[in-house]
Amino acid sequence: MSREYPIIAVTGSSGAGTTTVMRTFERMFSRESIHAAYVDGDAFHRYTRDELVRMFQEAPERKRELSHFAVEANQLDRLEALFLEYGEQGSGTHRHYIHAEDKRMIEAGYKVGTFTEWQSLPDCTDLLFYEGLHGGLVTPEHDIARHVDLLIGVAPTMNLEWIQKIDRDTKLRGHSQEAVVDTILSRMDDYVRYIQPQFSRTHINFQRVPTVDTSNPFEPQDIPTDAESMVVVHFRDPGSVDFPYLLAMIQGSFMSRPHTLVVPGALMALAIELIITPLVRSLLAQRRFR
């Protein structure tokens, strides 16, 4: 059932491509004249980058227990409180985590790896859009997934996810490949414990699969292009999906199982818009006609 103020969450690990999916949502919201409140999951990290560096220098063994995937390294109580408040009242507080890509924020004086101040969400928004690591998290202490009306998973095949992360963190964030690989390995337990289970709770998963050799993701290589990929789209509730329409509209698509659609990688954005737009309209219609 849709809440008075719907929440859409795109969840996936760092380097998985969730930001690319977010851009598609932004275009759709603009076209549909939807005023969305945007929330960055990284804003709920508990520590700044410098704080983590100091902690790891003092106690290197803590690197495995304080990855960004881990519950202990995030203020998940604040995230869950935000979702609860927004769903009931359309309000809440958030902040922004500064990445190396945030040129305007850096020019304004913010340092990479720090946070802005907590502030109120914009007034009179139609829905909340979250993109981050924990949109579908469920633990004994937290049940963030229960607050989400539409949960989308973005999960490339593992090797492709690593290739994308290595490429981004070395080219855009200035890390060495050795440091990025060490990060991947150090947080693998948390990935299995906290990230992967979320993809069993999603309403829809988008998984990009390369059609070129990615058997050794730690060898320097270019990210497979969209034309060198297929996207596997899995639906929790296939009975609500108009598959004949999607197959007719997305050239080269086919069904591999009754609940799974496969589309060419170059048409992923089109597939997202065709699949998600009617769902978003339905969420807002239920809200507006109460």
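Residues numbered from 1 in each chain as written. Predicted model: local features only at pLDDT ≥ 70, side-chain atom pairs only at ≥ 80, totals over all residues. Heavy atoms only, no water.

Per an unreviewed UniProt entry, the recorded name for the protein is Phosphoribulokinase, and the organism is Cobetia marina. In its Sequence similarities (unreviewed entry) section, the UniProt record describing the protein reads: "Belongs to the phosphoribulokinase family." On record in UniProt, under Catalytic activity (unreviewed entry), the comment for the protein is "D-ribulose 5-phosphate + ATP = D-ribulose 1,5-bisphosphate + ADP + H(+)". (UniProt positions renumbered as here; feature names shortened; annotations may be inferred.)

Asker: Mind showing me how you'd approach the UniProt feature "transmembrane region" (unreviewed entry) in the protein here?
Answerer: Under the feature "transmembrane region" (unreviewed entry), the UniProt entry names residues 261-284. Taken end to end, residues 261-284 is 71% helix and 17% strand, and its first and last C-alpha atoms sit 26 Å apart. (Helix = DSSP H or I, 4+ residues; strand = E, 2+ residues; numbered from the N terminus.)

Asker: Explanation requested: the sheet that holds strand S8 (residues 229-235) in the structure shown.
Answerer: Think of a sheet as strands paired side by side through backbone hydrogen bonds, with each pair either parallel or antiparallel. With mixed pairing, the eight strands of this open sheet are ordered in space as S2-S5-S1-S6-S7-S8-S10-S9. Since the sheet does not close on itself, it has two edges, and those belong to strand S2 (36-40) and strand S9 (254-257), each with one partner. Looking at each pair of strands side by side, their axes are set apart by 20° on average, direction ignored. Taken together, the four bridges between strand S1 (residues 7-11) and strand S6 (residues 150-154) define a ladder with parallel strand orientation. Among the inter-strand pairings, Ile 8 is bridged to a residue of S6, identified as Leu 150. Seen against the sheet, helix H3 (residues 76-89) touches S1, S2 and strand S5 (127-132) and runs at an angle of roughly 160° to S5. (Pairing = 2+ DSSP bridges. Axes fitted to C-alpha atoms, helices over the stretch in contact; angles between N-to-C directions. Contact = heavy atoms within 4.5 Å.)

Asker: I'm lost on the pairing of S6 in this one. Help?
Answerer: A regular strand places its side chains on the two faces of the sheet in alternate fashion. With five of five residues buried, S6 is to be regarded as a mostly interior element. Of the two faces of S6, both are covered, the one formed by Leu 150, Ile 152 and Val 154 as well as the one formed by Leu 151 and Gly 153. With three bridges connecting them, S6 and strand S7 (residues 204-210) associate as parallel partners. Along S7, the bridge assignment pairs Ile 152 with Ile 204. (Buried < 20%, exposed > 50% of the residue type's maximum accessible area, 1.4 Å probe, protein only.)

Asker: Quick question: what am I supposed to make of the layout of surface pockets here?
Answerer: A water-sized probe, rolled over the atoms, reveals where empty space remains. The space that makes up the second largest pocket amounts to roughly 500 Å³. Lining the second largest pocket are 21 residues, with Ile 204, Ser 240, Val 241, Ile 275 and Leu 279 sitting closest to its centre. Contributing elements (two or more residues each) for the lining of the second largest pocket: helix H8 (243-249) and helix H9 (268-288). In terms of residues, the lining of the second largest pocket owes the most to one element, H9, which gives seven residues. Residues that form the lining of the second largest pocket fall into these classes: twelve nonpolar, five polar and four charged. (1 Å grid on protein atoms, 1.4 Å probe; cavity = no way out; pocket = protein on both sides within 12 Å on 5 of 7 lines; lining within 4 Å. Points joined across faces, edges and corners; volume = space filled by probe spheres on them. Nonpolar A, V, L, I, M, F, W, Y, C, P; charged D, E, K, R; others polar.)

Asker: Honestly, empty space enclosed by the protein in this entry has me stumped. Any pointers?
Answerer: Across all of its chains, the model carries one cavity of 30 Å³ or more by this definition. Size it by volume and the largest cavity reaches roughly 80 Å³. What lines the largest cavity is a set of ten residues, among which Phe 69, Glu 161, Trp 162, Ile 184 and Arg 187 lie closest to the centre. Looking at the lining of the largest cavity, the elements that each hand over two or more residues are helix H5 (158-171) and helix H7 (188-195).

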